[in-house]
Amino acid sequence: AALNRLVELANDDRDGVPILLAMATAFTILKQTPKARNQLKRVAKMTYNAEEADDFEKSWLLLSDIHIQGGKFDLAQEMCKKCLKYNKSCAKAWEGMGQIMEREQSYRDASDHYEMAWKFEAEASPSVGYRLAFNYLKAKRFVEAIDVCHKVLTAFPNYPKIKKDILEKARASIKL
């Protein structure tokens, strides 16, 4: 019923970014990814306007997530870059760039992007901290990995996975 109402609104306002984003979100929830992607592609082709900045950003990030899940990293990266063009402090866009680099096994680049996401999350996201520490470990930057693990465990003591998965391995690598 809600989706039908959104379709009616979209017919009235064909280029309404908030409506297209809402429809894409609804399609995503309903596991109708191709329909969501089509709505988001319409937003991606539109000319940016600052009044709807948040909705543009959310649309680009959602489209980027869809592309990452589909293995289309070049298209996902394009959406993240578009986001960062208008908002350099968008932690989610930096995180998306990190995911892309990590999936391409470019751990040094991934850690650079996760570093920015960690910075703009004010070091308050355990999942970003985990990804950053993991990529530091893969890039053989063991001391940095240990530092991030300590920060995550200080802020989130109930996040023990990082201790076993990363902290212990980084410590062992330094002792070699």
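The numbers attached to residues start from 1 for each chain and follow its sequence in the written order. Reporting of local features is limited, given that this is a predicted model, to residues whose pLDDT is at least 70; pairs of side-chain atoms are given and counted only at 80 or more, and all residues count toward the totals for whole chains, interfaces and linings. Values shown for side chains rest on all heavy atoms present in the structure; no hydrogens or waters enter the calculation.

Re the overall build of the protein chain
Each helix and strand in the protein chain was counted, giving 10 helices and 0 strands. Mapped in sequence order, the helices and strands of the protein chain form the string α-α-α-α-α-α-α-α-α-α. Principal-axis analysis of the C-alpha atoms gives the protein chain an extent of 65 × 30 × 30 Å. The contact definition used throughout considers only heavy atoms, calling two residues in contact when any of these lie within 4.5 Å. Looking at the protein chain alone, contacts between residues at least 24 apart form 46% of all its contacts between residues at least 6 apart. Per-residue and other accessible areas follow the Shrake-Rupley method at a 1.4 Å probe size, with only the shown protein chains counted as cover for residues. A total of about 9,900 Å² of accessible surface is found on the protein chain, and carbon and sulfur atoms cover 51% of it. Charge counting follows a simple rule: Lys and Arg are positive, Asp and Glu are negative, and His as well as the terminal groups are ignored. Charge positions are represented by NZ for Lys, CZ for Arg, CG for Asp and CD for Glu. Positive and negative charge centroids in the protein chain, built from 29 and 24 side chains respectively, lie 6 Å apart. In this text, helices come from DSSP runs of H or I with a minimum length of four residues, and strands from runs of E with a minimum of two, each type numbered from the N-terminal end.

Points about the nonpolar core
Residues belong to a common nonpolar core when they are buried Ala, Val, Leu, Ile, Met, Phe, Trp, Tyr or Cys residues joined through side-chain atoms within 4.5 Å. In this scheme, a residue with accessible area under 20% of its type's maximum is buried, one over 50% is exposed, and one in between is partly exposed, where area comes from a 1.4 Å probe on protein chains only. Ranked by size, the top nonpolar core spans 52 residues in total, and within it L40, A93, V148, I162 and I166 carry the most contacts. The residues contacting I162, other than those within four sequence positions of it, are G129, Y130, A133, C149, V152, L153 and L167.

So, the side chain of H67
For H67, the location among the structural elements is in helix α4 (residues 53-69). Once you skip the residues sitting within four places of it in the chain, H67 turns out to touch R37, K72, L75, A76 and M79.

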